[in-house]
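# Analysis of the macromolecular model
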Amino acid sequence: MDNCIFCKIINKEIPATKVYESDRVIAFLDINPIEKGHMLIVPKQHWKNLADVKLDTEKEIEIYEELMYIVRVATKAVITTKLADGANILQCNNACAGQTVDHLHFHVIPRYGSELATVPAFNSGAAKYEPNEAQALAEKLSSAIAAIVKDEELL
Ligand code: 5GP
Ligand code: ZN
């Protein structure tokens, strides 16, 4: 994909500090880390974000599976090596959710110490439901999830 910074890293047109690479997935340090060891886990397939992922072919399924697998492994590596005490996974879809690079990626952000790290963008409790609103929303989401699962025929 032209003008995609992560495709340029994948194509070795610009450098990155890699922590993992296969035919399907690459992981490297974020250039502007929230914490030391902040990694980005990136599929080599250019999908904009999770809503853009296609699972129509074996190859696409394998890329997606390996992507999710490496998110888990990178998180486990942070914790089992005692590099850090914990980790956040962050993944942004579209600008309103903070997506600045339009190539799917997961952030694995090590967290240090025993203090509760606050994540300012996640203002728990800021939204309040009207009566019955949560149930109606859950039903809408539930139908949409069921329709996508049926359509993708993977489960
Ligand atoms: P987003 O906000 O889209 O979820 O995150 C994009 C991330 O990509 C940011 O944390 C930013 O620091 C990182 N980033 C942007 N350009 C580059 C780059 O050229 N190299 C690396 N390693 N990270 C980048
Ligand atoms: Zn790309």
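Below or above, wherever it landed, is the structure these notes cover.

Definitions and limits used
Residues numbered from 1 in each chain as written. Chains lettered and ligands numbered in written order. Predicted model: local features only at pLDDT ≥ 70, side-chain atom pairs only at ≥ 80, totals over all residues. Heavy atoms only, no water. Donors = N, O, S within 2.8 Å, 3.2 Å for Na, K, Ca; no water. Buried < 20%, exposed > 50% of the residue type's maximum accessible area, 1.4 Å probe, protein only. Pairing = 2+ DSSP bridges. Helix = DSSP H or I, 4+ residues; strand = E, 2+ residues; numbered from the N terminus. Axes fitted to C-alpha atoms, helices over the stretch in contact; angles between N-to-C directions. Contact = heavy atoms within 4.5 Å. Expected span 1.5 Å × (residues − 1). Near = heavy atom within 4 Å. Polar contact = N/O pair within 3.5 Å; in protein donor to acceptor, adjacent residues only side chain to side chain. Areas by Shrake-Rupley, 256 points an atom, 1.4 Å probe, with all protein chains shown as cover.

This brings us to the coordination of the zinc ion (ligand 2). In a perfect tetrahedron of four donors around a metal, the angles come out at 109.5 degrees. In a perfect octahedron of six, they are 90 or 180 degrees. At 2.0 to 2.3 Å from the zinc ion (ligand 2) lie its protein donor atoms, namely Cys4 (SG), Cys7 (SG), His46 (ND1) and His103 (ND1). Residue classification places cysteine 7 among the buried positions, given a relative accessible area of 7%. Accessibility expressed as a relative area gives 22% for histidine 46, which makes it partly exposed.

Once that is clear, we can look at the sheet that holds strand 4 (residues 86–90). Across the sheet, which stays open at both edges, the 5 strands sit in the order 1-2-3-5-4 with antiparallel pairing between neighbours. Of all strands in the sheet, those bounded by a partner on one side alone are strand 1 (18–21) and strand 4. Pairwise comparison of adjacent strand axes, ignoring direction, gives a mean angle of 15° for this sheet. Sheet topology places strand 4 next to strand 5 (residues 106–111); 5 bridges connect them, and they run antiparallel. The partner of isoleucine 89 across the bridge, within strand 5, is valine 108. Its contacts with the sheet place helix 2 (residues 58–80) against strand 1, strand 2 (25–29), strand 3 (39–43), strand 4 and strand 5, and it is angled at close to 165° to strand 3.

With 23 residues, helix 2 should cover 33 Å at 1.5 Å per step; its first-to-last C-alpha distance of 32 Å lies within 8% of that length. Within helix 2 the residues assigned to the buried category are Glu60, Ile61, Ile63, Glu66, Leu67, Ile70, Val71, Ala74, Thr75 and Val78. Buried positions along helix 2 lie against strand 1, strand 2, strand 3, strand 4 and strand 5. Positive phi shows up at lysine 82, right after helix 2, with a value of about 60°.

As a further point, take the site of ligand 1. By nearness alone, 16 residues border ligand 1, and Asp30, Gly98, Thr100, His105 and His107 come closest of all. In this structure, a nitrogen atom belonging to ligand 1 sits 3.3 Å away from a main-chain N or O atom of isoleucine 31. Side-chain polar atom of histidine 107 to an oxygen atom of ligand 1: 2.8 Å apart, as the coordinates give it. For ligand 1, the protein covers 83% of the area, taking 530 Å² as the surface of the free molecule.

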